[in-house]
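Residues per chain, in single letters:
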Amino acid sequence: MALTRFERYLGRFLRAVVWMLFAAFNLFAPQQRHGVSRLPPITNPLLLLSAMQLARKIRRKEVMSVEVVQAYIDRIQEVNPLINAMVKDRFSAALQEAAQVDKLIEEEMGGEEVLEDRLPLLGVPITVKEAFALQGMPNSTGLLTRRDLVSGVDAPSVALLKRAGAIPLGVTNCSELCMWLESHNRLYGITNNPYDFERIAGGSSGGEGSILGAGASVIGVGSDIGGSIRIPCFFNGIFGHKPSTGIVSNDGQYPPASGLQMGFLCTGPMCRYAEDLIPMLSIMGGPNANKLGLSAEVDLKKLRFFSVPHNGGSHLVSPVDAQLLQAQKTVVRRLEADLGVKVQELFIPQLKYSFQIWGTMMASPGKDGKVGFFLMSEGGKKVWPVWELFKWFLGFSSHTLAAIGLALVELFQSSHPSPFILQQKESLQQELEELLGTDGVLLYPSHPQIAPKHHHPVFTPFNFSYTGIFNILGLPVTQCPLGLSEEGLPLGVQIVTGKLQDRLSLATALYLEKAFGGWREPGKSGHKTII
């Protein structure tokens, strides 16, 4: 559907205003300074193996779990001062647990097959978003009033991974109350992108994305209510999966979802290698994972593929970067050449209202009536967003500008949803479910921009709607890296399928990893773009 003349002029005007704000911000914003411009290269070959490869080597006694855990500890200590991704470690406990794993393997009489069936991740290190409960670790979600809170239990998804033999190394940074797409808070500071320290790692699972992208973790746990797994995975050049609604438990994370939001929030895996996605999802989903048929073989040649290059031109959202458009076209050509399929390009007009749909559906308060500005008051004095904004300008606020801004939006948001927007949501839901069915795969941009510079998303706050719309629709989505841009920053694409058809997007991600190289080590010379 073509834009009207008014919409075109409005879009140009808003973009001009944004760039003027950018210019003003850059004049006054404090600049980060780093002694080095890139991450040190990976020298230990253990850091270049998938979790499944590591688990196999550990079971076969080809390498000790202690060696693997120590290799990742060394890498974290090497890169974390540059990226600020891990906010609390448990290195001593992890090494002790690794030693116990090595002892167990030495004494195991049932053989490798028994261990693989019972403990598929035995001895493999893992990192966890700080918003999840991990026993003995903080669970503040970047809120100063929760700084002394220590988890006494594990979140169910974390417990299942530990029960499968994974060894947590620590917890990683997130945005304040998981309310923003940049991982920044007053408690832990700001997380940097491993490909460019002046750029964001995404959010709210940005610490997890950054540490994985830096080669300092191999698998991790994230959560996603508007793109909080997929945006960090995109910006940091790794794989991630937002599962079908209701497969993985969302319990044990803060802030807890309630009301309609419980159907939008998803917990899922983040990793550097596509082959780790299915095993992680199988473990994290517990018995619910059986609904997905993840062990069934997928013949990509028998699937129907679709490509949607943009959301139709919403004036609230930035235009899709030309390099991302080209990358998606390259994927289409490769699919058609390798698989003999015909990828149909579509324009879906309802996607133009993605942000309005997300905002409308998220606006209803939780079952206990709590929204962002009440959660900001947790454990302290009541927070009033307008007063907090005034304090922020004076430098006295204990909250980030993004969190204050979102609290203001919630405070003044209408409780009466637009019938037009609700109709657009229902129409989009029906159209996509009919389009995808049980054998459809949709390619869609992960974000209109390649990883932006620190704080810049404040001026383009609606760009996350490229991911957020699929939370509202309840569709599974796999985020897949597609090489690097001209600036050396990750490119990527979302792979969307019908409900409970997660295995189709996961199989497509495996194919694209082989076709385009998957994760690329940051700072390593010789990387080329796919375009």
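Residues numbered from 1 in each chain as written. Predicted model: local features only at pLDDT ≥ 70, side-chain atom pairs only at ≥ 80, totals over all residues. Heavy atoms only, no water.

As named in an unreviewed UniProt entry, the chain is Fatty acid amide hydrolase 2a, taken from Cyprinus carpio. Taken from UniProt, the Sequence similarities (unreviewed entry) comment for the chain reads in full: "Belongs to the amidase family." (UniProt positions renumbered as here; feature names shortened; annotations may be inferred.)

## Considering the overall build of the chain
Along the backbone of the chain there are 17 helices and 15 strands. For the chain, buried positions account for 57% of its 531 residues. Residue pairs at least 24 apart in sequence account for 77% of intrachain contacts in the chain once pairs closer than 6 positions are excluded. Total accessible area computed for the chain in this model is approximately 21600 Å², and 57% of it derives from carbon and sulfur atoms. (Helix = DSSP H or I, 4+ residues; strand = E, 2+ residues; numbered from the N terminus. Buried < 20%, exposed > 50% of the residue type's maximum accessible area, 1.4 Å probe, protein only. Contact = heavy atoms within 4.5 Å. Areas by Shrake-Rupley, 256 points an atom, 1.4 Å probe, with all protein chains shown as cover.)

## Quick look at the packing of helix α6 (residues 156–163) against helix α9 (residues 277–285)
Where α6 meets α9, the axes come as close as 8 Å, and the angle between the chain directions of the two elements is 115°. Seen from above, α6 lies across α9 with right-handed handedness. Along its contact with α6, which presents Ser-157, Leu-160 and Leu-161, the element α9 presents Met-280, Ile-283 and Met-284. (Axes fitted to C-alpha atoms, helices over the stretch in contact; angles between N-to-C directions. Left-handed = near helix turned anticlockwise from the far one by under 90°.)

## Focus on the nonpolar core
Ranked by size, the top nonpolar core spans 141 residues in total, and within it Leu-161, Leu-169, Ile-219, Leu-335, Leu-432 and Phe-470 carry the most contacts. Residue contributions to this core peak at 9 residues, all from helix α3 (residues 65–83). (Core = buried A, V, L, I, M, F, W, Y, C linked by side-chain atoms within 4.5 Å.)

## Some thoughts on helix α15 (residues 419–436)
One turn of an α-helix holds 3.6 residues; hence residues three or four places apart share an orientation. With 18 residues, α15 ought to run about 26 Å at 1.5 Å a step, and its terminal C-alpha atoms sit 26 Å apart, in line with that. The secondary structure elements touched by the buried residues of α15 are β11 (304–307), α11 (354–362), β13 (440–444), α16 (465–473) and β15 (490–497). In the segment just after α15, Gly-437 is the residue with positive phi, at about 50°. (Expected span 1.5 Å × (residues − 1).)

## Looking at unusual backbone geometry
The omega angle of the peptide bond from Gly-203 to Ser-204 is 5°, so this bond is cis rather than trans. Note on placement: Ser-204 falls in the loop between β7 (196–200) and α7 (206–213). At the junction of Tyr-254 and Pro-255, the peptide bond is cis and its omega measures out at 0° in the coordinates. Mapping Pro-255 onto the fold places it in the loop between β9 (239–242) and β10 (266–271).

## As for the environment of Tyr-466
Residue placement: Tyr-466 occurs in helix α16. Tyr-466 gets classed as buried once you look at its relative accessible area, which sits at 1%. Separated by 112 residues in sequence, Tyr-466 and Ser-354 place their C-alpha atoms 7.2 Å apart. Leaving out residues up to four positions away in the same chain, Tyr-466 has contacts with His-310, Asn-311, Val-317, Val-320, Tyr-444, Pro-445, Ser-446, His-447, Pro-448 and Gln-494.

## Structural notes on the UniProt feature "active site" (unreviewed entry) in the chain
Look at the UniProt record and you will see "active site" (unreviewed entry) annotated at Lys-129, Ser-204 and Ser-228. On the basis of their most widely separated C-alpha atoms, the annotated residues across 100 residues gather in one place, lying no more than 10.8 Å apart. Summarising the element assignment, Lys-129 is placed in strand β2 (residues 125–129). Of the polar contacts made by the side chain of Lys-129, one reaches the side chain of Ser-204; its length is 2.7 Å. Owing to a relative accessible area of 1%, Ser-204 belongs among the buried residues under this scheme. In this structure, Ser-204 is in contact with Lys-129, Asn-173, Cys-174, Ser-175, Cys-178, Trp-180, Ser-183 and Ser-228, ignoring residues within four places of it in sequence. (Polar contact = N/O pair within 3.5 Å; in protein donor to acceptor, adjacent residues only side chain to side chain.)

## A few points about the pairing of β10
Of all 6 residues in β10, 6 are buried; the element is thus mostly enclosed. Judged from the 6 bridges that link them, strand β8 (residues 219–224) and β10 form a sheet pairing that is antiparallel. In the strand pairing of β10, Asp-224 is matched with Cys-266. As judged from the 2 bridges shared by β9 and β10, these two strands associate in the antiparallel manner. Directly across from Gly-240, in β10, lies its bridge partner Met-270. (Pairing = 2+ DSSP bridges.)

## Focus on the sheet that holds strand β14 (residues 477–484)
Taking strand neighbours across the sheet as the criterion, the 11 strands line up as β1-β3-β2-β8-β10-β9-β14-β15-β13-β11-β12 in an open arrangement whose pairing is mixed. Looking at the sheet topology across the chains shown, the edges are occupied by β1 (86–89) and β12 (344–345). Contacting β1, β2, β3 (167–172), β8 and β10, α7 runs over the sheet at an angle of about 150° to β8.

## Section: the pattern of salt bridges
This model, assessed by the stated rule, comprises 17 salt bridges. The shortest N-O distance in the salt bridge between Glu-62 and Lys-57 comes to 3.3 Å. Given a relative accessible area of 48%, Glu-62 falls into the partly exposed group. In this structure Lys-57 comes out as partly exposed when scored by relative accessible area, which is 29%. Glu-336 serves as the salt-bridge partner of Lys-342, at 3.8 Å between the closest nitrogen and oxygen. Its relative accessible area of 25% is what places Glu-336 among the partly exposed residues. Ionic contacts of the salt-bridge type, sharing partners, join the residues Arg-59, Arg-60, Glu-112 and Glu-116 into one network. (Salt bridge = Lys/Arg side-chain N within 4 Å of Asp/Glu carboxyl O.)

## Things to note about empty space enclosed by the protein
Counted under the stated rule, the structure contains 1 cavity of 30 Å³ or more. As a volume, the largest cavity reaches approximately 40 Å³. Around the largest cavity, the lining residues are Pro-243, Ser-244, Thr-245, Gly-246, Ile-247, Val-248, Asn-250, Leu-265, Cys-266 and Thr-267. Within the lining of the largest cavity, the residues separate by chemical class into 5 nonpolar, 5 polar and no charged. (1 Å grid on protein atoms, 1.4 Å probe; cavity = no way out; pocket = protein on both sides within 12 Å on 5 of 7 lines; lining within 4 Å. Points joined across faces, edges and corners; volume = space filled by probe spheres on them. Nonpolar A, V, L, I, M, F, W, Y, C, P; charged D, E, K, R; others polar.)

## Looking at α16
Of all 9 residues in α16, 9 are buried, a share of seventy percent or more. Residues of α16 that are buried: Ser-465, Tyr-466, Thr-467, Gly-468, Ile-469, Phe-470, Asn-471, Ile-472 and Leu-473. In the stretch just after α16, Gly-474 is the one whose phi turns positive, near 75°.

## Side note on the packing of aromatic side chains
Scanning the entire structure with this criterion turns up 10 aromatic pairs. Ring centres of Tyr-444 and Tyr-466 lie 5.1 Å apart, and the angle between their planes is 25°; this geometry places the pair in the stacked category. Taken together, the residues span a long stretch of sequence, with Tyr-444 in strand β13 and Tyr-466 in helix α16 at a distance of 22 residues. Each member of the pair Tyr-444 and Tyr-466 is classed as buried. Lying across the ring of Tyr-254, Arg-146 places its NZ or CZ 3.6 Å from the centre. (Phe/Tyr/Trp six-rings, centres within 6.5 Å; stacked < 30°, edge-to-face > 60°. Lys NZ or Arg CZ within 6 Å of the ring centre and 35° of its normal.)

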